[in-house]
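Descriptive analysis of the structure
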Amino acid sequence: MFKNYIKVALRNLLKHKSFSLINIFGLSMGMAITMVIGLWVWDELSFDKYHTNYPRIAQVWQHATDGKESGAGTSTPVPLGAELRMAYPDDLKYVVRAGGGQYTIAAGDNKFTQDGCFIEPDGPEMFSFRMLQGTRDGLKDPSSVLISRSLAQKLFGKEDPMGKLVKITNIISLKVAGIYEDLPENSTWHSTTFFAPWDKYVSTWDWVKNLKDDWGSNITNTYVQIADHADMDKVSAKISGVMTRKHPEKNYKVDLFLHPMHKWHLYSNFVNGVNSGGLITFVWLFGIIGTFVLLLACINFMNLSTARSEKRAKEVGIRKAIGSLRSQLINQFYSESVLMSLFAFVLAIIFVITMLPWFNTVADKHIVFPWTNAWCWIAGIGFSLLTGFIAGSYPAIYLSSFQPVKVLKGTFRAGRFASLPRKVLVVVQFTVSVLLITGTVIVYRQIQYGKNRPVGYDRNGLISIHETTPEVYKNYDIIHRTLLENNIAVEMAESQCPITDIWANSGGFDWAGKDPSFEANFANIGVRHEFGKTVNWKFREGRDFSKAFASDSMAVILNEAAVKYMGIKGDPIGMTIRWNGQDYHVIGVTEDMIMTSPYRAVPQSVFSILHEGGNIINIRLNPRMNMSEALKKLEAVFKQYNSSAPFEYTFVDQEYAKKFGAEERIAKLSTVFAALAIVISCLGLFGLASFIAEQRTKEIGIRKVLGASIFNLWRMLSKDFALLVVLSCCIATPIAWYFLHQWLQQYEYRTNISWIIFLAVGAGALFIALSTVSYQAIKTALSNPVKSLRAE
């Protein structure tokens, strides 16, 4: 019997090819999009779960408040780790300090700039690195290093790396004590390719060594693993007052708290010291989009299935008249619906495999289809069966209950409200589509709004080079002179941090008129005298740094945000600012430079002269020289005077563009999903229009005979659909405004939501819907009435 159900189901699908194609294709698109989004959401939710101790690992954060402002940060004092280890041995299984960045690592002639970390010996065990050679205890030897498999291959090729020497920043020589498996893409430590002993970090660099007992400077990260019996919140409360006891401050209070590993990736944003979420917003957003797109596809599937089923009333009557049981009819309808749903599932898998490479590029992921994951297959097939079951319920239960006498006599009528559920579902479809389109438009407007914001300096032809070896510091002046004398660069200057980021914030500032209870904090940026000429910043008042004035070694330049922050009403030029017990005089005020997020307020910043080497070399290339030629000559100079490090650089404009990366990924994905939502909705609309036109073929023929024009017939067939789309726009507009308004509140620098956007999106949706319906409406209106009137 089951074989017969399948055979009849296949015949029906082939008999109505266009209907079957629309139904299967629409559902498969919805399934495919939902699968891709589901894989992305799973990848995000499983971030850092690679680590065995994931539920019990946390990072120590500081929460500081002065009564007026609050903030939270990850940087902690160097002695904090030892204090926590000693004071809370029963609550903390491991306490690990770490510090790192980009370093040159070399073995023989092979040298690369890599992300590395100096970490205490318990770190590899706490983070449960999977060792391919050696053990996790390797860092207990202070002359050792653990490297990733990929770095081992880059440095040593096919040779066995164990016991071989590597050199970090051309200063530290260490022997390879272990090779660990590359950490997965969805891990916080993914980009870190080597781990070196913490003791080397402290003993090698004087600036770290001088702060190893300093509770007032925050330069390191502290990680803990709580004991198996301990509770994360209770331990967090216990350690809260450590900073107050060890480093009491009159004007502000610092509390410690634990930020669990499961929140590092998705809950990383803090506003005024309070966790405000983070990437979890996008997880929810795409989860909702995936659900809605699948809902649209399912609505289509059910709409078209139920609409087509009414044409089969006579078939039901005949089957019953010749002895079919109601249970047999129910099984037949369910078989057809489930078969179409399973076909759609197979097609959806093909779509997913095709889409994943593009999706990974846009979303910056490395997701693969989980062929071996049984739960994925169970969920996919289970959903397909459920969808087919729900879509087949109407024809299976309702149509199988017809009395054959009424059907065969022609006295059966579907009822005046039979089409109401389909109209409701069409409204839901277009409401969701309009919401997605409106959201996409607003996201793009917000990105463009940020891009159009003045940055306060000239990014064109500006490159940055990380200083990674002592050779750069030693040869800085000769490199500078060589570049300018050979017209390779217009200007060059060191800085403490990149132009597109701020690495240091400082307190301890005082000035005339300052409220004594106010603890002022500024972004602190050390630069060389030539920095202003290199970046082409713009002055509001005063002048730039100059070697002609010896006093500039104790001078500072403020940005506009700093002047407002300090509440200076008059001319700030010449005023004295006391900073950590030393007096500095203000020589200039620059326009605000956007060094952090283009959507945030510019931090109050103080620029001062570097008295030691910086971390970044900024170079403005000669615009009259070909770019590729200038870079080749630049590389030759750096290889001559910095031979122990690879020549690597970044364009400042490209680094600045990365600040829009998250929003641009959201916009691109939203555009695709919104477009597919409209396509799915239009597929359903096209199918329904075809069905209604088919139902009213005889009516249209009579109207044409009586003199109805093609325009009148088009209007008659399109009017109902147009009203449904207008209703959808009316419902979607307030919902879209509310949620988009809430989303924009996370940005201090944000666009406005104009009513024109809703009007344009509504008009566009109406145009698309009418275009979809019009093809079938005009085709029916142009048909020969003679054929339709003598069809029976």
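Before reading on, note that the structure itself is shown above.
Residues numbered from 1 in each chain as written. Predicted model: local features only at pLDDT ≥ 70, side-chain atom pairs only at ≥ 80, totals over all residues. Heavy atoms only, no water.

1. Considering the overall build of the protein
Helix and strand counts for the protein stand at 25 helices and 25 strands. Expressed as a percentage of its 792 residues, the buried residues of the protein come to 50%. Sequence-distant contacts, at least 24 apart, represent 78% of the contacts inside the protein between residues at least 6 apart. Of the roughly 37,200 Å² of accessible surface on the protein, 57% is carried by carbon and sulfur atoms. (Helix = DSSP H or I, 4+ residues; strand = E, 2+ residues; numbered from the N terminus. Buried < 20%, exposed > 50% of the residue type's maximum accessible area, 1.4 Å probe, protein only. Contact = heavy atoms within 4.5 Å. Areas by Shrake-Rupley, 256 points an atom, 1.4 Å probe, with all protein chains shown as cover.)

2. Digging into the state of the cysteines
The term disulfide refers to a covalent linkage connecting the sulfur atoms of a pair of cysteines. A full pass over the atoms with the stated rule returns 0 disulfides. No disulfide involves Cys730; its sulfur sits 6.9 Å from that of Cys729, the nearest cysteine. (Disulfide = S-S within 2.5 Å.)

3. A closer look at the nonpolar core
Counting residues in hydrophobic clusters, the biggest one holds 100 residues, and the most contacted among them are Trp40, Tyr457 and Phe607. Ranked by residue count, the leading element in this core is helix H2 (residues 17–45), at 12 residues. Apart from the residues within four sequence positions on either side, Trp40 is in contact with Phe282, Val283, Phe286, Phe359, Ala363, Lys365 and Ile367. The next biggest cluster of nonpolar side chains, apart from the first, holds 24 residues, and it includes Val78, Ile172, Leu174 and Val208. (Core = buried A, V, L, I, M, F, W, Y, C linked by side-chain atoms within 4.5 Å.)

4. Topic: the pattern of salt bridges
Tallying each qualifying case throughout the model produces 24 salt bridges. Among the salt bridges present, the one from Glu120 reaches Arg97, with a minimum N-O distance of 3.1 Å. Separated by 23 residues along the polypeptide, Glu120 in the loop between strand E4 (110–119) and helix H4 (123–126) and Arg97 in strand E3 (residues 92–107) bring together distant segments of the chain. Across the pair, exposure class does not vary: Glu120 and Arg97 are buried alike. Put simply, Asp552 and Arg543 hold a salt bridge, and the shortest N to O gap is 2.9 Å. Taking relative accessible area as the criterion, Asp552 reaches 0% and is therefore assigned buried. Classification of Arg543 by relative accessible area gives partly exposed; the value is 28%. (Salt bridge = Lys/Arg side-chain N within 4 Å of Asp/Glu carboxyl O.)

5. Let's talk about helix H8 (residues 232–239)
Taken together, the buried positions of H8 are occupied by Met232, Val235, Ser236 and Ile239. End-on, the buried residues of H8 take up no more than an arc of 105°, which puts them together on one face. Opposite the buried face of H8, by more than 90 degrees, sit the exposed residues Asp233, Lys234 and Ala237. Taken together, the buried residues of H8 touch strand E1 (57–65), helix H3 (80–87), E3, strand E10 (221–226), helix H9 (242–246) and strand E11 (253–260). At the N-terminal end of H8, a side-chain oxygen is found 3.1 Å from the backbone nitrogen of Asp233, two or three residues along, and the residue is Asp231. (Arc of directions from axis to C-beta. Polar contact = N/O pair within 3.5 Å; in protein donor to acceptor, adjacent residues only side chain to side chain.)

6. As for the packing of aromatic side chains
Summed over the entire model, instances satisfying the criterion amount to 36 aromatic pairs. Seen from their ring centres, Trp198 and Tyr201 are 5.2 Å apart, and the 40° between their planes marks the pair as tilted. Of this pair, Trp198 and Tyr201 both sit in helix H6 (residues 198–204), 3 residues apart, which is roughly one turn of the helix. Aromatic rings pair up to connect Phe127, Phe129, Tyr180, Trp189, Phe195, Tyr223 and Trp264 into one cluster. Cation over ring: Lys451 sits above Phe660, and NZ or CZ is 5.7 Å from the ring centre. One cation-aromatic arrangement involves Arg453 over Tyr749; the distance from NZ or CZ to the ring centre is 4.1 Å. (Phe/Tyr/Trp six-rings, centres within 6.5 Å; stacked < 30°, edge-to-face > 60°. Lys NZ or Arg CZ within 6 Å of the ring centre and 35° of its normal.)

7. Examining the pairing of strand E18 (residues 522–527)
For E18, a buried count of 6 out of 6 residues is recorded, marking the element as mostly surrounded by other parts of the structure. Inspection of the sheet shows strand E16 (residues 505–506) paired to E18 by 2 bridges, in the antiparallel sense. Bridge pairing in E18 places Ser506 opposite Phe522. Alignment of E18 against strand E23 (residues 605–609), held across 5 bridges, turns out to be parallel. Within E23, the position partnered with Asn524 by the bridge is Val606. (Pairing = 2+ DSSP bridges.)

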